[in-house]
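Listed below are the residues making up each chain.
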Amino acid sequence: RIMLKAIATLLVVVLVVNVSVAQKRADGAAAAVFVNQEGQLVLQPATDGKVLIDGSDVIQVHNQQVENLAHTESTISDMRTDIDAIESTLSSQETELADMQARASLVPQHLISLLCSFPMTQQYIQHTGPVTGLAMADNSSVLYSSSTSDSLILGWNVTSNTAASSVYSVAHATPPSSLVLSPNGSLLAVFDTSRVVNLYSVGDQSPQFKTSVTMAQDGPGLQAVAITPDNTRMFAGTTWFVAFDISVTPPVRLKFGRHPAATQITSLVARNSSRHVFSGAADGKIFLWTIDETQTLPTQGLSAGTAMTGHTGAVHSLALSNNEQYLFSAAQDTHVYMWDLGGSTPTIVKDLWQTPSNTRSMAFSLLLSRLVVTDEDNGVRVWDVAPSTSPTLINTLAIGHNITASLAISSSTSSVFAGLTNGGILQVLLLC
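Residues numbered from 1 in each chain as written. Predicted model: local features only at pLDDT ≥ 70, side-chain atom pairs only at ≥ 80, totals over all residues. Heavy atoms only, no water.

So, about the overall build of the chain. Of the regular secondary structure elements, the chain holds two helices and 31 strands. Within the chain, contacts between residues at least 6 apart in sequence are counted, and of these 44% link residues at least 24 apart. Of the roughly 21,200 Å² of accessible surface on the chain, a fraction of 54% belongs to carbon and sulfur atoms. (Helix = DSSP H or I, 4+ residues; strand = E, 2+ residues; numbered from the N terminus. Contact = heavy atoms within 4.5 Å. Areas by Shrake-Rupley, 256 points an atom, 1.4 Å probe, with all protein chains shown as cover.)

We now examine the pairing of strand β13 (residues 224–227). Taking every second residue as pointing to the same face, both faces of β13 are buried, with Ala-224 and Ala-226 on one and Val-225 and Ile-227 on the other. Of the pairings in the sheet, the one linking β13 to strand β14 (residues 233–237) comprises four bridges and is antiparallel in character. Directly across from Ile-227, in β14, lies its bridge partner Met-234. (Buried < 20%, exposed > 50% of the residue type's maximum accessible area, 1.4 Å probe, protein only. Pairing = 2+ DSSP bridges.)

Val-197, Val-225, Met-234 and Phe-244 are the most contacted members of the largest nonpolar core, which totals 17 residues. Residue contacts for Met-234: discarding those within four places in its chain leaves Val-197, Leu-199, Val-213, Val-225, Ala-226, Ile-227, Val-242, Ala-243, Phe-244 and Ile-246. In terms of nonpolar packing, the next biggest core, distinct from the first, is built from 15 residues, Val-372, Ile-399, Ile-403 and Ala-418 among them. (Core = buried A, V, L, I, M, F, W, Y, C linked by side-chain atoms within 4.5 Å.)

To continue, consider the environment of Gly-342. Tracing the backbone through its elements, the reader meets Gly-342 in the loop between β23 (335–340) and β24 (347–351). In this structure, the C-alpha to C-alpha distance between Gly-342 and Gln-325, residues 17 residues apart in sequence, is 5.8 Å.

The next point concerns a negative patch on the surface. Negative charge collects at one region of the surface, where Asp-78, Asp-82, Asp-84 and Glu-87 lie side by side. Mapped onto the fold, Asp-82 is located in helix α2 (residues 55–117). Given the relative accessible area of 46%, Asp-82 is considered partly exposed. (Patch = residues over 30% accessible without salt bridge, like charges linked within 9 Å, V, L, I, M, F, W, Y side chains within 5 Å. Salt bridge = Lys/Arg side-chain N within 4 Å of Asp/Glu carboxyl O. Lys, Arg positive; Asp, Glu negative; His and termini not counted. Charge placed at Lys NZ, Arg CZ, Asp CG, Glu CD.)

The four strands are arranged β9-β10-β11-β12 in an open sheet whose pairing can be described as antiparallel. The open sheet terminates on both sides in strands that have one partner only, identified here as β9 (176–181) and β12 (208–214). Ignoring which end each strand starts from, the neighbouring axes of this sheet average 20 degrees apart. Pairing of strand β11 (residues 196–201) with β12 involves six bridges; the strand directions are antiparallel. When the bridges of β12 are listed, Tyr-200 appears paired with Phe-209. (Axes fitted to C-alpha atoms, helices over the stretch in contact; angles between N-to-C directions.)

Our focus in this paragraph is the pattern of salt bridges. Within this structure, the stated rule accounts for four salt bridges. A salt bridge links Glu-293 to Arg-233; the nearest nitrogen and oxygen atoms lie 2.8 Å apart. Of this pair, Glu-293 sits in the loop between β19 (286–291) and β20 (302–303) while Arg-233 sits in strand β14, and the two are 60 residues apart along the sequence. The salt bridge partner of Glu-324 is Arg-271, with a shortest N-O separation of 3.8 Å. Remark: Arg-271 occurs in the loop between β17 (265–270) and β18 (276–281) and Glu-324 occurs in the loop between β21 (315–320) and β22 (326–331); sequence separation between them is 53 residues. The buried category is assigned to Glu-324, whose relative accessible area is 18%. The class of Arg-271 is buried, set by a relative accessible area of 18%.

Time to look at the confidence of the model for the chain. Taken residue by residue, the chain gives an average pLDDT of 78. The fraction at 70 or more is 75%. Every residue in residues 1–30 is under pLDDT 50, and counting partners more than four places away or in other chains gives 31 contacts. Overall, residues 49–54 carries pLDDT values under 50, and its contacts beyond four positions in sequence, including any with other chains, amount to 18 contacts. (pLDDT = per-residue confidence, 0-100.)

Turning next to the sheet that holds strand β29 (residues 403–410). A sheet is described by the order of its strands in space; here four strands give the open sequence β4-β31-β30-β29, paired in antiparallel fashion. The sheet terminates laterally at β4 (121–125) and β29, the two strands that pair on one side only. Averaged over all pairs of adjacent strands, the angle between strand axes in this sheet comes to 20 degrees, irrespective of strand direction.

So, on to the packing of aromatic side chains. Going through the model one piece at a time under the given rule, you end up with seven aromatic pairs. With centroids separated by 5.9 Å and ring planes inclined at 50 degrees, the aromatic side chains of Trp-240 and Phe-256 adopt a geometry described as tilted. In this pair, Trp-240 sits in strand β15 (residues 240–245) while Phe-256 sits in strand β16 (residues 252–258), placing the two residues 16 residues apart along the sequence. A relative accessible area of 17% places Trp-240 in the buried class. (Phe/Tyr/Trp six-rings, centres within 6.5 Å; stacked < 30°, edge-to-face > 60°.)

Turning to unusual backbone geometry, a few remarks are in order. Across the junction of Thr-249 and Pro-250, the peptide omega takes the value -5 degrees, indicating a cis bond. Tracing the chain through its elements places Pro-250 in the loop between β15 and β16. At Ala-262, a residue that is not glycine, the phi angle is positive and equals roughly 50 degrees.

Okay, the side chain of Ser-361 next. Along the chain, Ser-361 falls in strand β25 (residues 359–365). Polar side-chain contacts of Ser-361 include one of 2.6 Å to the side chain of Thr-374. Contact partners of Ser-361, with chain neighbours within four places excluded, come to His-316, Ser-317, Val-372, Val-373, Thr-374, Thr-404, Ala-405 and Leu-407. (Polar contact = N/O pair within 3.5 Å; in protein donor to acceptor, adjacent residues only side chain to side chain.)

See the structure below:
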């Protein structure tokens, strides 16, 4: 802006010098100077006629122009000196500002690291014994818990980060092994060792018993149940894999088949299509079950596919990424694998777990893009899986409580909930 002002001033000065030279006539009328066709400087009177300027007048005008020009050049030189000084000051200030910003950026990171090292936790206790199951819809404010010690199903309002209240309490007929909530949060499945699954409609009111499903096949107790996002299909596993149509009452058994190795199914996760279900088993193998409902017989139209091998311990947790291109599996063998499902054969692309401690449970939040795993040393690890091809470990927490295999995560409160052996539930705020 200073340079533009200087140039404008110079133009004004030159213009005045070249067009404002005037001469007073005897009668006081003004005359203007211009160049005629012959190249002579001519004085134009205000009224009429042209007056030729003599040589002395020309020299006087010329000298005045030279003097004005020299003065203008001196002014511009002074301005350039001032501009150089201003630019030097600005450069110094910019350097100082960049240094201040660099120092300021370190302060929040340091504080965040400090806060993450000491996680904010609170504990809710109402069960009389170890918490065997936790379930929570990703965007819900109600957490459901179960315990074999008191046969209770409790619902907790966890919208407040300072206190939770038990808003629901349902007495289950038999000690519940665990519970599962449908992805949309409207259906709660509670199962026990007698291979019975009780279904409850849940929402703003206390859970309402809907129906029960019994697995007729022989085998050990249920350890895994999954519900499709549309609430129309439920899958359960012992040493058998069974698919139910739960859109009708009473539910109808659609398909069933024995696990290829007759091994206990320990985890299940359903794809959005409702026709494909992943199962993890006690022998470490993972299968992708394909369901063809066009086959009428329950024993037909069910295929377990080829085993996905890699784990050597029981696969207790499975989770699918947002785009279902990746499968995460946690097992009791110190491994948490990330599988790429995009090719013809699922392959392990990364092992997220790099500690000698066995994993205990795993939970995944689609909305937060966070994967949480607990271990047998009562630790919690959190990964950011938003960039699915390269999950990043963002936090490692030491809980300081004896946790069970029950775990849930909530995007509405940005919290992880872990069941405790003393009957309590620990809420851990995800600050990182």
